[in-house]
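Residue-level listing of the chains:
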Amino acid sequence: IMRLLVASFSSYEAFAADLDACWGFLLRGDGAEAAPVWLNEFGTGDLDLYWSHLTRYMREHEMDFAYWSLNGIKQVGMSETYGLLTDNESSVRNPA
């Protein structure tokens, strides 16, 4: 969905205004108390306009994020290097 937003907004200002209208107002508390927003599954394999706009928005709004995948593989034959588990999904990838 986020990628569709970027496709329709060539400027950062238009992208940010749309996010503000959808859920960004929760961060500021416009008309209500501010609330936490969990932004999930927002990554990309490309350093494109979407990534540029989203990371700028997150910086400007002082948003935090977390990424910690449990699975050991992204898809068959492709390791998930950020995953907590190894490819066999029965061992810890980086034990302390």
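Scoring rules and cut-offs
- Residues numbered from 1 in each chain as written.
- Predicted model: local features only at pLDDT ≥ 70, side-chain atom pairs only at ≥ 80, totals over all residues.
- Heavy atoms only, no water.
- Helix = DSSP H or I, 4+ residues; strand = E, 2+ residues; numbered from the N terminus.
- Contact = heavy atoms within 4.5 Å.
- Core = buried A, V, L, I, M, F, W, Y, C linked by side-chain atoms within 4.5 Å.
- Buried < 20%, exposed > 50% of the residue type's maximum accessible area, 1.4 Å probe, protein only.
- Phe/Tyr/Trp six-rings, centres within 6.5 Å; stacked < 30°, edge-to-face > 60°.
- Axes fitted to C-alpha atoms, helices over the stretch in contact; angles between N-to-C directions.
- Parallel < 35°, antiparallel > 145°, perpendicular 65-115°, else oblique.
- Left-handed = near helix turned anticlockwise from the far one by under 90°.
- Nonpolar A, V, L, I, M, F, W, Y, C, P; charged D, E, K, R; others polar.

Attention now goes to the side chain of Thr86. With respect to the element layout, Thr86 can be found in the segment after strand 2 (78-79). Apart from residues lying up to four places away in sequence, Thr86 is in contact with Gly72, Ser91, Val92 and Arg93.

Side chains of nonpolar character tend, in soluble globular proteins, to be buried together. In terms of nonpolar packing, the biggest core is built from 12 residues, these being Tyr12, Phe15, Ala16, Leu19, Trp23, Leu39, Phe42, Tyr50, Leu54, Tyr57, Met58 and Met63. Going through the elements one at a time, helix 2 (12-28) and helix 3 (49-60) are the ones with two or more residues in this core. Ranked by residues supplied to this core, first place goes to helix 2 with five residues. The residues touching Leu39, leaving out its near neighbours within four places in the chain, are Trp23, Leu54, Met58 and Met63.

Inspection of every chain in the model, using the stated rule, returns one aromatic pair. Judged by centre distance (5.7 Å) and plane angle (80°), the rings of Trp23 and Tyr57 are edge-to-face. Here Trp23 is found in helix 2, whereas its partner Tyr57 is found in helix 3, with 34 residues between them in sequence. Given the relative accessible area of 16%, Trp23 is considered buried.

Moving on, we get to the packing of helix 2 against helix 3. Interhelical geometry of helix 2 versus helix 3 gives an angle of 50° and a closest axis separation of 11 Å. By the angle between their directions, the pair helix 2 and helix 3 is classed as oblique. For the pair helix 2 and helix 3, the crossing hand works out as right-handed. In this structure, helix 2 contributes Tyr12, Glu13, Phe15, Ala16, Leu19, Asp20, Trp23, Gly24 and Leu27 to the contact, and helix 3 contributes His53, Leu54, Arg56, Tyr57 and Glu60. Tallied by class, residues from the contact of helix 2 with helix 3 come to eight nonpolar, two polar and four charged.

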